[in-house]
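If you want the building blocks of each chain, they are given just below.
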Amino acid sequence: MKIKLLYGTETGNAEMLCEDIEAHLEGDHEVEMANLADTDPADLAADTFHLVVCSTYGDGDLPASAQPFGEALEADQPDLSAIHFAIFGLGDSSYETYNQGSEKLAALLATYGAHQVGDRVIHDAMGGDMAEDLALPWADARIAQAADLFAET
Amino acid sequence: MPKIAIVGAGPSGCYAAQALLKLDKTLEVDILDRLPVPYGLVRYGVAPDHQGTKAVARQFARLFERQGVRFIGNVTLGETVTLDALRAAYDIVVLALGLSKDRPLDLPGGDLGGVSGAGAVTRHWNDHPDEAGQLPHLGNRVVIVGQGNVAMDVLRILAKQEPDFDGSDLHPRHTDHITGAGVAQIDILGRSPAHLAKFDPVMVKELAKLEHVRFALDGLELSEGHEDDPRVAALAALPQDVPVASHEVTFRFGWTPERLSGTEGHVDAAFFRRGDEELGLSCDSVITAIGFDSHIPGLRDDLLARAEDAETGVVDKGLYLAGWFCRGPRGTIPDNRAAAQALATRIMADLGTLTGAEKPGHAALIAAHPDLTDYDGWLRIDAAELAACTDGRVRAKVADLETLLALASGRAPGSATPETEG
Ligand SMILES: Cc1cc2nc3c(=O)[nH]c(=O)nc-3n(C[C@H](O)[C@H](O)[C@H](O)COP(=O)(O)OP(=O)(O)OC[C@H]3O[C@@H](n4cnc5c(N)ncnc54)[C@H](O)[C@@H]3O)c2cc1C
Ligand SMILES: Cc1cc2nc3c(=O)[nH]c(=O)nc-3n(C[C@H](O)[C@H](O)[C@H](O)COP(=O)(O)O)c2cc1C
């Protein structure tokens, strides 16, 4: 199974987190990483498991680096029924729109048929947890869950 | 190996280092700051009750902890070291000095006692050593001039009550001071109608959660036809019908400040104009939040005037400007990130054309100035602040510069329980 880490960020936290996940997975897996800003919906591939990390900005909106991707999805309406992803959100519970960016992105991917593997896990910038303490176990667990899916094909 | 000095450890300096290392991780990057603590306005501007926003510092900490960037504190450009000396020691110098001087209210009475700038007030609440001694004058009735996000931060801190600061790092001496002043009435005025005001709508939504505040709106009708604007909608949703309130907050739109009056050198009223209407508000203090200027205007004006590309921040090959010092006092933390990436690309291109002898880098600085502090020094300050933290707070910041320096150098007596009063 190929793994692609995709991040949507505004101040860089999601990117740093993806670097941590990449370092954690490297060696055991074939991993690539990309900014959603440089990703076209057509780049998503059926033989790849997508681990998406996305923050929230403005008032529950996608962060700047994920916005063009979100717009491209809506414009192109691609068929993503062969695509698998898992999602991790970054947010701040002092906003009413807590972690809605990752929620919106997951919903958008699902709208075009992509399959979400496992639940979304979210990090709270106001909380005491380090994001990597939540995200590394999330990545391991989702990869384990996805292994069967990719073994079948 | 080329040597790079970034002066200013705020977001723009840190993002510049990050962007440079992304392009070439073997670069030797030093970040210098006049204080023994890094992160600039993340520590000293961003509101104490917005810890989530301050958490971006965790990202910057990696530069020093994992990416080999050296922090050199207690070095003031223009005092400890000249720009020429820095340029002689490093191949590349990036100035990311911020803009910390409050733009003055240039009106009759603007220099009366009881008139403070929002930058100074927020530095004080954030325990910046420069403002450690000055308690801002407050009183019952406070007038805030300006309606950007900084003005909203000031308003929110003044309108909150002690329990609302749970989870913040606002030192209890500040809440004691605010409570002691008995702030009860806050007017916040701006020239623009609400739909053109500068604040972000989420800042108003955050205020709506304060149950002890009654809100009033003056001039929202100037935004007729803009009811769908997120700012106007957020304002209209503020609770106005609050039977028991300890604080009254009035937003007033479309008012241009004209003059302040005073008795015995202290402000007692602020006057505004909107077309033919005049408004006089009696008050105990005025806080201006109308933007920032450079604390070293001569240097900045000169550099911008001779810059090859002022927009990107290129003065010449080898000298660059970043962040607010480059672009002016506008833009949030993420804006500095995007700009730093463009600047880093340009610096890398210029680096390729460098010729000449190997530069000494930090060795030259450290030899000449034995009092400089380092990243381990900041970690000692950080540990002491975390250890001294009281109930309901996440940190007890040290405001006194001597104590900070003593902690940084590891020579603080009893450094686990630092004295925080200067
Ligand atoms: C009160 C306030 C609240 C804010 N809140 C937010 C917020 O919640 N969210 C957000 O996104 N943005 C916020 N901003 C904007 C944000 O802080 C700026 O975009 C950002 O800090 C600009 O970064 P900078 O590195 O250019 O400047 P600064 O952060 O000001 O950093 C400049 C650094 O240079 C150092 N320095 C200055 N002079 C010298 C010298 N002569 N020698 C050596 N070092 C020197 C200073 O000590 C400082 O560390 C706020 C701004 C203010 C003023
Ligand atoms: C201006 C601003 C607006 C934000 N809005 C939200 C929001 O609506 N909901 C949320 O959960 N988090 C919000 N956040 C918090 C960020 O999502 C959080 O800090 C995250 O760690 C940023 O990750 P990034 O650096 O990858 O963009 C906001 C942060 C800022 C500075």
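Definitions and limits used
Residues numbered from 1 in each chain as written. Chains lettered and ligands numbered in written order. Predicted model: local features only at pLDDT ≥ 70, side-chain atom pairs only at ≥ 80, totals over all residues. Heavy atoms only, no water. Helix = DSSP H or I, 4+ residues; strand = E, 2+ residues; numbered from the N terminus. Rg over C-alpha atoms; globule rule 2.2 N^0.38 Å. Buried < 20%, exposed > 50% of the residue type's maximum accessible area, 1.4 Å probe, protein only. Lys, Arg positive; Asp, Glu negative; His and termini not counted. Charge placed at Lys NZ, Arg CZ, Asp CG, Glu CD. Areas by Shrake-Rupley, 256 points an atom, 1.4 Å probe, with all protein chains shown as cover. Salt bridge = Lys/Arg side-chain N within 4 Å of Asp/Glu carboxyl O. UniProt positions renumbered as here; feature names shortened; annotations may be inferred. Core = buried A, V, L, I, M, F, W, Y, C linked by side-chain atoms within 4.5 Å. Near = heavy atom within 4 Å. Polar contact = N/O pair within 3.5 Å; in protein donor to acceptor, adjacent residues only side chain to side chain. Nonpolar A, V, L, I, M, F, W, Y, C, P; charged D, E, K, R; others polar. Pairing = 2+ DSSP bridges. Right-handed = clockwise from strand over helix to strand, strands pointing away. Contact = heavy atoms within 4.5 Å. Buried area = accessible area lost by both parts, 1.4 Å probe. Axes fitted to C-alpha atoms, helices over the stretch in contact; angles between N-to-C directions.

Caption draft 1: Region of the structure containing the overall build of chain A. On a plain count of helices and strands, chain A comes out with four helices and six strands. Counted from the first residue to the last, chain A has its helices and strands arranged as β-α-β-β-α-β-α-β-β-α. The C-alpha radius of gyration computed for chain A amounts to 14 Å, which stays within 12% of the reference 15 Å derived for 153 residues, consistent with globular compactness. Seen through its C-alpha atoms, chain A measures out along the principal axes to roughly 45 × 35 × 25 Å. Residues counted as buried form 51% of the 153 residues belonging to chain A. Averaging the coordinates of the 5 positive side-chain charges in chain A and doing the same for the 30 negative ones gives two points 4 Å apart.

Caption draft 2: Highlighting the overall build of chain B. Scanning chain B from N- to C-terminus turns up 16 helices and 17 strands. Expected size for 422 residues packed as a compact globule is a radius of gyration near 22 Å; at 23 Å, chain B falls within 12% of this value. For chain B, the spread of C-alpha atoms along the principal axes amounts to about 70 × 50 × 40 Å. Surface exposure of chain B reaches about 17600 Å², of which carbon and sulfur atoms provide 51%. One finds the centroid of the 41 positive side-chain charges in chain B at a distance of 5 Å from the centroid of its 60 negative side-chain charges.

Caption draft 3: Up close: the pattern of salt bridges. All names here are of chain B. The full count for this structure, using the stated rule, is 37 salt bridges over all chains. Close ionic contact of Lys-3 with Glu-358 constitutes a salt bridge, the shortest N to O distance being 2.9 Å. Of this pair, Lys-3 sits in strand 1 (residues 3-7) while Glu-358 sits in the loop between helix 13 (333-351) and helix 14 (362-368), and the two are 355 residues apart along the sequence. Assessed through its relative accessible area of 8%, Lys-3 is described here as buried.

Caption draft 4: Spotlight on the UniProt feature "domain: FAD/NAD(P)-binding" (unreviewed entry) in chain B. If you check UniProt for "domain: FAD/NAD(P)-binding" (unreviewed entry), the listed places come out as residues 3-160 of chain B in our numbering. Across residues 3-160 of chain B, the secondary structure splits into 35% helix and 17% strand, with the terminal C-alpha atoms separated by 47 Å.

Caption draft 5: Region of interest: the nonpolar core. All names here are of chain B. Counting residues in each nonpolar core, the largest one holds 47 residues, and the members touching the most others are Ile-4, Ile-6, Val-29, Ile-31, Tyr-39 and Val-94. The element that contributes the greatest number of residues to this core is helix 1 (residues 11-23), accounting for seven residues. Counting 38 residues, the second-largest nonpolar core is a separate cluster that includes Val-154, Phe-165, Ile-188 and Ala-289.

Caption draft 6: Focus on the site of ligand 1. All names here are of chain B. Around ligand 1 there are 31 residues in total, and Ser-12, Asp-33, Leu-77, Gly-331 and Ile-333 lie nearest to it. A distance of 2.8 Å is found between an oxygen atom of ligand 1 and a backbone nitrogen or oxygen belonging to Ile-333. Between Asn-336 and ligand 1, the recorded distance is 3.0 Å, taken from a side-chain N or O atom to an oxygen atom. In isolation ligand 1 offers 1000 Å² of accessible surface; the protein chains occlude 90% of this area. Put simply, the parts of the chain that give the shell around ligand 1 at least two residues each are helix 1, helix 7 (149-159) and helix 13. For the shell around ligand 1, the element with the highest residue contribution is helix 13, accounting for three residues.

Caption draft 7: The arrangement of the site of ligand 2 in detail. All names here are of chain A. What surrounds ligand 2 is a group of 19 residues, the closest being Thr-9, Thr-11, Asn-13, Thr-97 and Asn-99. Here an oxygen atom of ligand 2 sits 2.6 Å away from a polar atom, N or O, in the side chain of Thr-9. The separation between an oxygen atom of ligand 2 and a polar main-chain atom of Gly-12 is 3.0 Å. For ligand 2, whose accessible area on its own is 650 Å², the fraction buried by protein is 90%. Listed by contribution, the elements that provide at least two residues to the shell around ligand 2 are helix 1 (13-25) and strand 4 (84-91). Of the residues assigned to the shell around ligand 2, the class counts are five nonpolar, 11 polar and three charged.

Caption draft 8: Spatial organisation of the pairing of strand 4 of chain A. Residues and elements named next belong to chain A. Counting buried residues in strand 4 gives eight out of eight residues, a clear majority hidden from the surface. Of the two faces of strand 4, the one carrying His-84, Ala-86, Phe-88 and Leu-90 and the one carrying Phe-85, Ile-87, Gly-89 and Gly-91 are both buried. Where strand 3 (residues 48-54) and strand 4 come together, six bridges link them in parallel fashion. Looking across to strand 4, one finds that Phe-49 is bridged to His-84. Between the parallel elements strand 3 and strand 4, the chain passes through helix 2 (residues 67-76) in a crossover that is right-handed.

Caption draft 9: Seen up close, the interface of chain A and chain B. Facing 22 residues of chain A, the contacting portion of chain B comprises 17 residues. For the pairing of chain A and chain B, the buried interface totals around 1600 Å² over both sides, and the portion due to carbon and sulfur atoms is 44%. In this assembly, chain A and chain B are joined by seven salt bridges. Two residues, Arg62(B) and Asp20(A), come together in a salt bridge whose shortest N-O distance is 2.6 Å. Residues belonging to the side of chain A that touches chain B are distributed by class as follows: five nonpolar, eight polar and nine charged.

Caption draft 10: The arrangement of the UniProt feature "binding site: NADP(+)" (unreviewed entry) in chain B in detail. All names here are of chain B. The sites that UniProt annotates as "binding site: NADP(+)" (unreviewed entry) are Gln-147, Gly-148, Asn-149, Val-150 and Gly-331. Relative to the elements of secondary structure, Val-150 occurs in helix 7. For Val-150, a relative accessible area of 30% corresponds to the partly exposed category. Non-local contacts of Val-150, meaning those with residues more than four positions away in its chain, are made with Ala-118 and Phe-292. Tracing the backbone through its elements, the reader meets Gly-331 in the loop between helix 12 (324-327) and helix 13. Here Gly-331 falls in the partly exposed class, since its relative accessible area comes to 32%.

Caption draft 11: How the structure looks around the sheet that holds strand 3 (residues 70-72) of chain B. Residues and elements named next belong to chain B. Read from one edge of the open sheet, six strands run 3-2-1-4-17-16, paired in mixed fashion. What marks the edges here is a single partner per strand, and that holds for strand 3 and strand 16 (314-316). Pairs of neighbouring strands in the sheet enclose a mean axial angle of 20 degrees, with direction left out of account. In terms of strand pairing, strand 2 (residues 28-32) meets strand 3 through three bridges, oriented parallel. Looking across to strand 3, one finds that Asp-30 is bridged to Arg-70.

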